[in-house]
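One-letter residues, chain by chain:
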Amino acid sequence: MTARRARRWGVVCVLLAWLLSGCWDNQAINRRALVLLIGVAPYRSQEVTVWFQIPTPQGLTTLTTPSGSGPTFLVLRGHGPTLAAAFAEAQSQINQDLYLGQTQAVILSAALSPTQWGQVLNSLERIGTLDKSAWVLVTQRPLDAVFRSHPPTAPLPGLYFETLFGCAACQTVALHRTLWGVEKRWHTPSVDEWLPLLSIQPDGWRVDQVVLYQGGRPKWRLDPGQTLTLGYLLGRTQKGWLVVRGRWGLAGLRALQAWPQWTTSVQGDRAEVHIALKVQGRLATFPIGAFTPAVARQVRTSAAELLARSVDQLLARLQSMDIDPVGFGLGWVWAHPQDAAEWPRLWRHAQVTVTVHLQIVETGGTR
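Residues numbered from 1 in each chain as written. Predicted model: local features only at pLDDT ≥ 70, side-chain atom pairs only at ≥ 80, totals over all residues. Heavy atoms only, no water.

**Student:** Quick question: what am I supposed to make of the overall build of the protein here?
**Tutor:** Counting its secondary structure elements, the protein contains 11 helices and 16 strands. The buried share of the protein, taken over its 367 residues, is 48%. Contacts spanning at least 24 positions in sequence make up 66% of the contacts within the protein whose residues lie at least 6 apart. Of the accessible surface of the protein, which amounts to about 17,500 Å², a share of 52% is contributed by carbon and sulfur atoms. (Helix = DSSP H or I, 4+ residues; strand = E, 2+ residues; numbered from the N terminus. Buried < 20%, exposed > 50% of the residue type's maximum accessible area, 1.4 Å probe, protein only. Contact = heavy atoms within 4.5 Å. Areas by Shrake-Rupley, 256 points an atom, 1.4 Å probe, with all protein chains shown as cover.)

Rendered as structure tokens:
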């Protein structure tokens, strides 16, 4: 059993324990309201709104008895000039103590200003009971709509993310980010933030894109294809795919996974970044009888060139926007902390080379 799966079942057990009598942190369990989801969005002027999603007793019974009736969760909302003030207003609406120790995810509105972004992160860092392994996402949808929706594949909305992010190898791109990781990157110079984007579709929730941040401000939303390419650079793409056309016809590759390595050097005002991607994948589509050793080499070469071009295009766009979500300059900044502010300029004009070594590890033609 993985650590994330064990944690999920631990959450279920704790939630079920809420139905029982007892004592926890000097508070009776029936005085606790276990928050599974937190959301933060801007309010009028520079104020913020905070949402809390809490399972109801009926919702807890659905974990073991799917036939339970009634609403499975309730939503509290508070406003205030600070996160603490908004928290206090939400707390006044319920006769139980809002407990954040079992929070599964924090969902931030993309409309938060850079000032609000910094204040919210600062406040979240200071809540001792908030689990720092909680997932962090951003959304461009109104949080009121997000918090009142229900993904069809989870008994409780908060457990959706535990299932989604708990198995990195199950996703096309492992887009999980933890609160601890976001806080750490916020205080790390030269590397920009990226967060998974939560969207609401007619068939449920979807997380297949990322939003790139700089200084607490969203600068670029990547589409699913660009997110897939960024995943290669981050070492997070688990089930990539590629279609290659040649005189042999059409070749489809699946289950592409990359192991990135790079070196960064700076001489004066000139930076050079050399990126090597070791990629493995499986052959998914190919004309019957046409796959020979010579053709296999051609497919590998063409696929590697195609993947290198997509990475080059993404990096060129990132350079033009002075965004470095991968952290190519981290090593240099570590050695030259007094020059950390120079990295965005160096990155913008850096000479970047990309080399892809692609291997087809399975053709599916033999047993």
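**Student:** Hey, could you run me through the state of the cysteines in this one?
**Tutor:** Each disulfide is one covalent bond, formed between the sulfur atoms of two cysteines. Taken as a whole and judged by the stated rule, the model has 1 disulfide. Disulfide partner of Cys-167: Cys-170, at an S-S distance of 2.0 Å. Between Cys-167 and Cys-170 the sulfur-sulfur dihedral comes to about 70°; the bridge is accordingly right-handed. Taking relative accessible area as the criterion, Cys-170 reaches 42% and is therefore assigned partly exposed. (Disulfide = S-S within 2.5 Å.)

**Student:** Would you mind going over the sheet that holds strand S9 (residues 135-139) with me for this structure?
**Tutor:** One open sheet holds the 8 strands; their spatial order is S6-S5-S4-S8-S9-S10-S11-S12, and the pairing between them is mixed. Across the chains shown, the open sheet's two edge strands, defined by having one partner strand only, are strand S6 (73-80) and strand S12 (217-221). Averaged over neighbouring strand pairs, the angle between their axes works out to 35° when direction is ignored. Note: strand S5 (residues 48-55) against S6, 8 bridges, orientation antiparallel. Note on S6: the bridge partner recorded for Thr-49 is His-79. The strands touched by helix H4 (residues 114-125) are strand S4 (37-42), S5, strand S8 (105-109), strand S10 (194-201), strand S11 (204-214) and S12; relative to S8, the strand with the most contacts, the crossing angle is about 165°. (Pairing = 2+ DSSP bridges. Axes fitted to C-alpha atoms, helices over the stretch in contact; angles between N-to-C directions.)

**Student:** Quick question: what am I supposed to make of the sheet that holds strand S16 (residues 351-362) here?
**Tutor:** Strand pairing in a sheet is mediated by backbone hydrogen bonds. Such pairs are either parallel or antiparallel. In spatial order, the strands read S13-S14-S15-S16; together these 4 strands make up an open sheet with mixed pairing. Because the sheet does not close on itself, it has two edges, and the strands there are strand S13 (240-246) and S16. The mean angle between the axes of side-by-side strands here comes to 35°, regardless of whether they run parallel or antiparallel. As paired elements, strand S15 (residues 270-285) and S16 share 11 bridges and run parallel to each other. In the sheet register, Leu-277 faces S16, and the bridge partner there is Val-356. Where helix H9 (residues 293-320) meets the sheet, its contacts fall on S13, strand S14 (249-267), S15 and S16, and the angle it forms with S16 comes to roughly 145°.

**Student:** Even after reading the chapter, I still don't get the environment of Ala-41, so can you show me in this structure?
**Tutor:** Within the fold, Ala-41 resides in strand S4. The buried category is assigned to Ala-41, whose relative accessible area is 8%. Residues Ala-41 and Trp-117, spaced 76 residues apart in sequence, show a C-alpha to C-alpha distance of 9.6 Å. Excluding residues that lie within four positions of it along the chain, Ala-41 makes contacts with Val-48, Thr-49, Trp-51, Ser-109, Leu-112 and Leu-143.

**Student:** Would you mind showing me how to read the packing of aromatic side chains here?
**Tutor:** Geometry of an aromatic ring pair is reported as the spacing of the ring centres plus the angle between the planes. Taken as a whole and assessed by the stated rule, the structure comprises 13 aromatic pairs. For the ring pair Trp-135 and Phe-165, a centre distance of 5.3 Å and an interplane angle of 65° mean the geometry is edge-to-face. On the criterion of sequence distance, the pair formed by Trp-135 in strand S9 and Phe-165 in helix H6 (residues 157-166) is long-range, its members being 30 residues apart. Taken as a pair, Trp-135 and Phe-165 share a single burial class, namely buried. Members of the aromatic cluster, connected to one another through ring pairs, are Trp-135, Tyr-160, Phe-161, Phe-165 and Trp-205. (Phe/Tyr/Trp six-rings, centres within 6.5 Å; stacked < 30°, edge-to-face > 60°.)

Keep in mind that these numbers describe shape and distance, not what the molecule does.
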